[in-house]
Amino acid sequence: MSKDIVLSGIRPTGNLHLGNYYGALSKFVKLQNDYDCRFFIADLHALTTSTDPDALHQSVRGILAQYLAAGIDPEKAAIFVQSDVPELSELYLLMNMHVGIGELMRTASFKDKARKALGIKTPENDSEEAFEQQIIGASTNKRVNAGLLTYPTLMAVDILAQKARWVPVGKDQLQHLELTRRFARRFNSFYGVEEFIEPEDFQFTDKPVKVPGLDGSGKMGKSEGNCVYLIDEPKVLRKKVMRAVTDEGPQEPNSPVSEPIANLFSLLELTSTPEIVQQFKDAYADCSIRYGDLKKQLAEDILKVTDPIRERTAEILKDEAYMRKVLARGADIARAQASETLREVRHIMGIRKI
Ligand code: ADP
Ligand code: TRP
């Protein structure tokens, strides 16, 4: 029996951090043994917000090296670059004919990114009309490009072209996945076919992982500036962790834990042993904890995870021939599937040879 197909991608907009690792990458590594996995680098998606060609190119190489260094085995899982599969661009054009601009404008990530691009704050009462006025009537040289609006169409096509059943992503991507299912259903019922599979998100636990940042609140994220990167040098990493926000310490036994400290415990739980976590929790409960010791321990335990990845990344980046070979194999697998899907979709939509 053939295995279910798993597909996921990350946009090449910088280096990967601990949030990407525990939220996405470490799951990819676990899944590759049991599923037909395809992991890609979403360079076309990155173009919706990044405009520096050299930075984009460097980031694609960096993400590939970090995928491999973190343990994705290219013999088990296909690794490819989105733009190496030109069939996706044609499918994206065809699928756009079945997508409404209204539903795209209502997508949370579009609203967020459009407002960020134009430097507009999210108003308290966020009505649809006010939003449309802001986007259409923005009197600025900055642009919200059509690619950003149609981001969900391209993401749907990535998934549907591969006939993927499972998509491991973080919480922030679930709305896009819901749209993918909607587009698939709509296409199938419009033409009376069973062309597309409705994909589902994949989680190992009931609660999606959220890795916190070092700044005391929220999640770790590139745009938050609160990241520990997988390729941080040990010196840099230790410094970042030692500077993490804390509080004045527990004043009496069994005090409640404030958010910055809870975040440090969450990071320790991800990277350390249960015994060490318990040791610091006990020390917090009896007020003997020293945050300096907690941070030192945390930095060393994070380094146990990231340091081998950092070293392997540097090695892989030196081996151009290997990287090219990995991507060529991945592109072959992804293109074989995508061209079959494209052939079927063209026929279904009436684009046929005379
Ligand atoms: P960023 O928010 O830093 O720009 P991306 O949006 O490129 O990261 O995320 C790529 C993948 O990593 C997605 O599947 C996302 O859900 C996951 N991810 C990113 N940050 C975190 C985090 N702090 N905790 C858990 N998962 C995360
Ligand atoms: N939108 C995803 C993100 O920002 C990246 C992505 C693009 C993706 N296409 C995908 C993820 C297809 C899963 C499947 O993280």
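Read on for an overview of the structure.

**Here we look at the overall build of the protein**
Here is step 1 of the chain: Along its length, the protein carries 15 helices and 5 strands.
Here is step 2 of the chain: The C-alpha atoms of the protein give 22 Å as radius of gyration, which agrees with the globular expectation for 354 residues (20 Å, within 12%).
Here is step 3 of the chain: Seen through its C-alpha atoms, the protein measures out along the principal axes to roughly 80 × 50 × 40 Å.
Here is step 4 of the chain: Here the protein holds 354 residues, and 47% of them are scored as buried.
Here is step 5 of the chain: Sequence-distant contacts in the protein: of pairs separated by 6 or more residues, those separated by 24 or more amount to 78%.

**Re the packing of helix α3 (residues 53-69) against helix α14 (residues 291-318)**
Packed helix pairs are specified by the crossing angle of their axes together with the interaxial distance, meaning the distance between the axes.
Here is step 1 of the chain: Closest axis-to-axis distance for the α3/α14 pair is 8 Å, and the angle between their directions is 125 degrees. Our classification of the angle between α3 and α14 gives oblique. Here α3 runs over α14; the crossing is right-handed. For the pair formed by α3 and α14, the contact residues are Arg 61, Gly 62, Ala 65, Gln 66, Leu 68 and Ala 69 on the first element and Ile 309, Arg 312, Thr 313, Ile 316 and Leu 317 on the second.
Here is step 2 of the chain: Each residue belonging to the contact of α3 with α14 can be placed in one class, and the counts come to 6 nonpolar, 3 polar and 2 charged.

**Some points on the packing of aromatic side chains**
Here is step 1 of the chain: On inspection of all chains with the given rule, the structure shows 11 aromatic pairs.
Here is step 2 of the chain: Taking the centre distance of 5.1 Å and the plane angle of 75 degrees together, the rings of Phe 202 and Phe 204 count as edge-to-face.
Here is step 3 of the chain: Under the relative-accessibility criterion, Phe 202 is labelled buried at 11%.
Here is step 4 of the chain: Overall, Phe 204 belongs to the partly exposed group, its relative accessible area being 39%.

**A few points about the site of ligand 1**
Here is step 1 of the chain: Residues in contact with ligand 1 amount to 15 residues; listed here are only the nearest, His 17, Asp 172, Val 211, Met 220 and Lys 222.
Here is step 2 of the chain: In the environment of ligand 1, an oxygen atom lies 3.0 Å from a nitrogen or oxygen atom belonging to the backbone of Gly 170.
Here is step 3 of the chain: When isolated, ligand 1 has an accessible area of 540 Å², and the protein chains bury 90% of it.
Here is step 4 of the chain: Each residue belonging to the shell around ligand 1 can be placed in one class, and the counts come to 5 nonpolar, 6 polar and 4 charged.

**So, the nonpolar core**
Here is step 1 of the chain: Counting residues in hydrophobic clusters, the biggest one holds 59 residues, and the most contacted among them are Leu 18, Leu 25 and Tyr 67.
Here is step 2 of the chain: In terms of residues, this core owes the most to one element, α14, which gives 9 residues.
Here is step 3 of the chain: Excluding its chain neighbours within four sequence positions, the residues that come into contact with Leu 25 are Leu 16, Asn 20, Gln 66, Tyr 67, Ala 70, Ile 72 and Leu 230.
Here is step 4 of the chain: Ile 5, Phe 110, Val 167 and Val 169 belong to the second largest nonpolar core, which has 41 residues in total.

**Digging into the packing of helix α11 (residues 234-242) against α14**
Here is step 1 of the chain: For the pair α11 and α14, the least separation of the axes is 9 Å and the interaxial angle reads 145 degrees. As for the relative orientation of α11 and α14, their crossing is right-handed in sense. The residues of α14 that touch α11, namely those facing Pro 234, Leu 237, Arg 238, Val 241 and Met 242, are Gly 292, Lys 295, Lys 296, Leu 298, Ala 299, Glu 300, Ile 302, Leu 303, Thr 306, Asp 307 and Arg 310.
Here is step 2 of the chain: Here the contact of α11 with α14 is built from residues that sort into 8 nonpolar, 2 polar and 6 charged.

**Quick notes on the site of ligand 2**
Here is step 1 of the chain: With respect to spatial proximity, 13 residues lie near ligand 2, and among them His 45, Tyr 151, Met 155, Asp 158 and Gln 173 are the closest.
Here is step 2 of the chain: A distance of 2.7 Å is found between a nitrogen atom of ligand 2 and a side-chain nitrogen or oxygen belonging to Tyr 151.
Here is step 3 of the chain: Residue Asp 158 places a side-chain N or O atom 2.8 Å away from a nitrogen atom belonging to ligand 2.
Here is step 4 of the chain: Protein contact buries 91% of the 370 Å² of open area that ligand 2 shows by itself.
Here is step 5 of the chain: Looking at the shell around ligand 2, the elements that each hand over two or more residues are β1 (5-10) and α9 (151-161).
Here is step 6 of the chain: Along the lines of polarity and charge, the residues of the shell around ligand 2 split into 7 nonpolar, 4 polar and 2 charged.

**A short note on the side chain of Thr 271**
Here is step 1 of the chain: Its location among the elements puts Thr 271 in helix α12 (residues 259-271).
Here is step 2 of the chain: A distance of 2.8 Å separates the side chain of Thr 271 from the backbone oxygen of Leu 267, its partner in a polar contact.

**Observations concerning α14**
Here is step 1 of the chain: Under the 1.5 Å per step criterion, the end-to-end length of α14 is 39 Å for 28 residues, consistent within 8% with the ideal 40 Å.
Here is step 2 of the chain: Its axis deflected by about 40 degrees at Lys 304, α14 carries its strongest bend there, up to four residues before the proline Pro 308.

Quick notes on the rules
Residues numbered from 1 in each chain as written. Chains lettered and ligands numbered in written order. Predicted model: local features only at pLDDT ≥ 70, side-chain atom pairs only at ≥ 80, totals over all residues. Heavy atoms only, no water. Helix = DSSP H or I, 4+ residues; strand = E, 2+ residues; numbered from the N terminus. Rg over C-alpha atoms; globule rule 2.2 N^0.38 Å. Buried < 20%, exposed > 50% of the residue type's maximum accessible area, 1.4 Å probe, protein only. Contact = heavy atoms within 4.5 Å. Axes fitted to C-alpha atoms, helices over the stretch in contact; angles between N-to-C directions. Parallel < 35°, antiparallel > 145°, perpendicular 65-115°, else oblique. Left-handed = near helix turned anticlockwise from the far one by under 90°. Nonpolar A, V, L, I, M, F, W, Y, C, P; charged D, E, K, R; others polar. Phe/Tyr/Trp six-rings, centres within 6.5 Å; stacked < 30°, edge-to-face > 60°. Near = heavy atom within 4 Å. Polar contact = N/O pair within 3.5 Å; in protein donor to acceptor, adjacent residues only side chain to side chain. Areas by Shrake-Rupley, 256 points an atom, 1.4 Å probe, with all protein chains shown as cover. Core = buried A, V, L, I, M, F, W, Y, C linked by side-chain atoms within 4.5 Å. Expected span 1.5 Å × (residues − 1). Bend = angle between axes of the 7 residues up to and from the residue.

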